[in-house]
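Observations on the three-dimensional arrangement
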Amino acid sequence: MNAATSPPGSAPIKVLLADDEGLVRSGFKVLLELEDDITVVGEATTGAEAVERALATRPDVILMDIRMPQLDGIEATREIAKASGLTKVHVLILTTYDTDAYVFEALQAGASGFLLKDAGPAELLHAIRVVAAGDALLAPRITRRLIAQFTAQRTAAQDGENRLAVLTEREREVLALVGQGLSNDEIGAELFLSPATARTHVSHAMVKLGARDRAQLVVIAYQTGLVNPQQ
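These lines cover the structure that appears in this document, whether it is placed above or below. The structure displayed is predicted, hence computed values, not measured ones. Chains are numbered independently. Their residues run from 1 in the order of the written sequence. Local features in this predicted model are restricted to residues whose pLDDT is 70 or higher, and side-chain atom pairs enter the listing and the counts only when it is 80 or higher, whereas totals over whole chains, interfaces and linings include all residues. Calculated side-chain values reflect all of the structure's heavy atoms, with hydrogen atoms and water omitted.

1. Here we look at helix α1 (residues 22-32)
Looking at α1, one finds that the buried residues are V24, R25, F28, L31 and L32. Relative to the axis of α1, the buried residues are bounded by an arc of 130° and lie together on one face. Away from its buried face, by an angle of more than 90 degrees, α1 presents the exposed residues L23 and V30. Of the surrounding secondary structure, the elements contacted by the buried residues of α1 are β1 (13-18), β2 (38-44), β3 (61-65), β4 (90-95) and α5 (121-132). Burial classes: relative accessible area under 20% of the type maximum marks a residue as buried, over 50% as exposed, and values in between as partly exposed (1.4 Å probe, protein chains only). A run of H or I in DSSP counts as a helix once it spans at least four residues, and a run of E counts as a strand once it spans at least two, with each numbered from the N terminus. When we speak of the arc, we mean the arc of directions from the helix axis to the C-beta atoms. Two residues form a contact once any of their heavy atoms are found within 4.5 Å.

Rendered as C-alpha cells:
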C-alpha cells in the first residue's frame with residue numbers, strides 16, 4: 001500500500017463510484033483501495049442510484065460519470081447539491097467528453113471538479129484529494145477560458161456589480177484570485193496574508209454569495225466579470 005497523505009490519525013477519504021460501466025468502476029476501485037487514505041464506500045450504476053447511495057453512505061467525494069441512465073451525472077449532481085445533509089459531499093465529474101458546455105453545466109449544478117476519464121492514476125488520486133479538501137479542480141485541458149465563454153453569455157456586467165456589493169474590497173480581491181485558480185497559500189502570498197486569513201476570506205465570500213463550494217466561486221468570479229477571460 002502507498003503511504004497515506006492525510007495527517008496521521010485522520011479518517012480516510014470516503015469515495016462513492018457512480019458509473020454505468022462495471023469495468024470502469026472495478027478499475028477505479030482497485031486503484032483507490034491501494035491507497036491508505038482513501039476508501040470506497042459504495043457504487044452506483046445510474047444517476048438516481050448515485051443520489052440514493054450518497055444519502056446512505058455520506059461520502060466525501062463522488063466520482064460521477066456524466067452519461068448514465070435514468071438520471072445523468074449532471075442532474076444527479078444537482079440533486080445531491082440540493083439534498084439536506086449532503087452539503088459536505090464533493091462531486092468530481094468524470095467524462096470522456098471534453099466539451100465546453102459540460103464544464104459549465106457541471107459546475108453550475110454543484111460539481112467541485114471536472115476530470116477526463118483518460119487521466120492517469122496519479123492525476124485521479126490527486127484530484128480526489130484536492131476536491132476532498134474543498135478546493136476546485138479542473139482538468140488541465142479544460143481551461144478557465146471555456147467557463148468564461150459560457151458565463152459571459154448569461155450575465156450582464158451591472159448584474160455582476162450588484163451581486164458583488166455584499167463583499168468587502170479584500171473579499172473581492174480574494175474572489176478574483178480564487179477565480180484565477182490560486183490556492184489559499186498562493187492567495188496569501190499574493191496579498192501578504194497568512195493562509196489561514198486567506199481561507200477565512202474565502203469562507204466569508206462563499207457564505208455571502210451563497211456558493212456551495214470553491215468551484216462555484218470560480219464560476220461566480222467569471223459570471224460577475226471579476227475575472228477577465230484573457231487572464
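That covers the picture; the talk isn't over yet.
2. Looking at the packing of α1 against α5
Two elements in contact, α1 and α5, have axes separated by 11 Å at closest approach and are oriented at 75°. For the element pair α1 / α5, the angle class is roughly perpendicular. The segment α1 lies against α5, with F28, L31 and L32 engaging P121, L124, L125 and I128. Classification convention: Asp, Glu, Lys, Arg as charged; Ala, Val, Leu, Ile, Met, Phe, Trp, Tyr, Cys, Pro as nonpolar; all other residues, Gly among them, as polar. Per-class residue counts for the contact of α1 with α5 are 7 nonpolar, no polar and no charged. Note on method: axes are straight lines fitted to C-alpha atoms, helices fitted across the in-contact stretch only, with angles between N-to-C directions ranging 0 to 180 degrees. Orientation categories follow fixed angle ranges, with anything under 35 degrees roughly parallel, anything over 145 roughly antiparallel, 65 to 115 roughly perpendicular, and all other angles oblique.

3. With respect to the environment of F28
Its location among the elements puts F28 in helix α1. With a relative accessible area of 13%, F28 lands in the buried category. With 12 residues separating them in the primary sequence, F28 and V40 have C-alpha atoms 9.3 Å apart. Once residues lying within four places of it in the same chain are set aside, the contact partners of F28 are L17, L63, L94 and L124.

4. With respect to the pairing of β2
Where β1 and β2 come together, 6 bridges link them in parallel fashion. By the bridge assignment, I13 is partnered in β2 with I38. When the strands point away from the viewer, a crossover counts as right-handed if the path from the first strand over the helix to the second runs clockwise. With α1 bridging β1 and its parallel neighbour β2, the resulting β-α-β unit is right-handed. When DSSP finds at least two bridges between two strands, those strands are taken to pair.

5. Some thoughts on the environment of K117
Along the chain, the position of K117 falls in the loop between β5 (113-116) and α5. Each residue touching K117, except ones within four places of it in the same chain, is listed here: D19, E21, V24, D65, L94, T95 and T96.

6. A closer look at the pairing of β1
Most of β1 is tucked away: 5 of the 6 residues are buried. In this structure, β1 lies alongside β3, joined through 4 bridges in parallel fashion. When the bridges of β3 are listed, V15 appears paired with V61.

7. What about unusual backbone geometry?
The backbone phi angle of R58 is positive, close to 50°, even though this residue is not glycine. Tracing the chain through its elements places R58 in the loop between α2 (47-57) and β3. Even without being a glycine, Q70 presents a positive backbone phi close to 70°. Within the secondary structure, Q70 is located in the loop between β3 and α3 (73-82).

8. Quick look at the environment of R53
Turning to its location among the elements, R53 is positioned in helix α2. Along the backbone, R53 and V41 are 12 residues apart, and their C-alpha atoms lie at a distance of 9.1 Å.

9. Structural notes on the pattern of salt bridges
By convention in these notes, a salt bridge is any Lys or Arg side-chain nitrogen within 4 Å of a carboxyl oxygen on Asp or Glu. Tallying each qualifying case throughout the model produces 10 salt bridges. A salt bridge links R78 to E75; its shortest N-O distance comes to 2.5 Å. Of the two residues, R78 and E75 are both situated in helix α3; the distance of 3 residues between them amounts to about one turn of the helix. The class of E75 is partly exposed, set by a relative accessible area of 32%. Across the pair E79 and K82 runs a salt bridge, and its minimum N-O distance is 3.7 Å. In this pair, E79 and K82 are both assigned in helix α3, 3 residues apart and thus about one turn of the helix distant.

10. Examining the packing of helix α8 (residues 169-179) against helix α11 (residues 214-223)
Running from N to C, α8 and α11 cross one another at 100°; their axes reach a closest spacing of 8 Å. Comparing the axis directions of α8 and α11 gives the class roughly perpendicular. Along the contact surface, α8 presents L175, V178 and G179, while α11 presents R214, L217, V218, I220, A221 and Y222. Residue composition of the contact of α8 with α11, grouped by class: 7 nonpolar, 1 polar and 1 charged.

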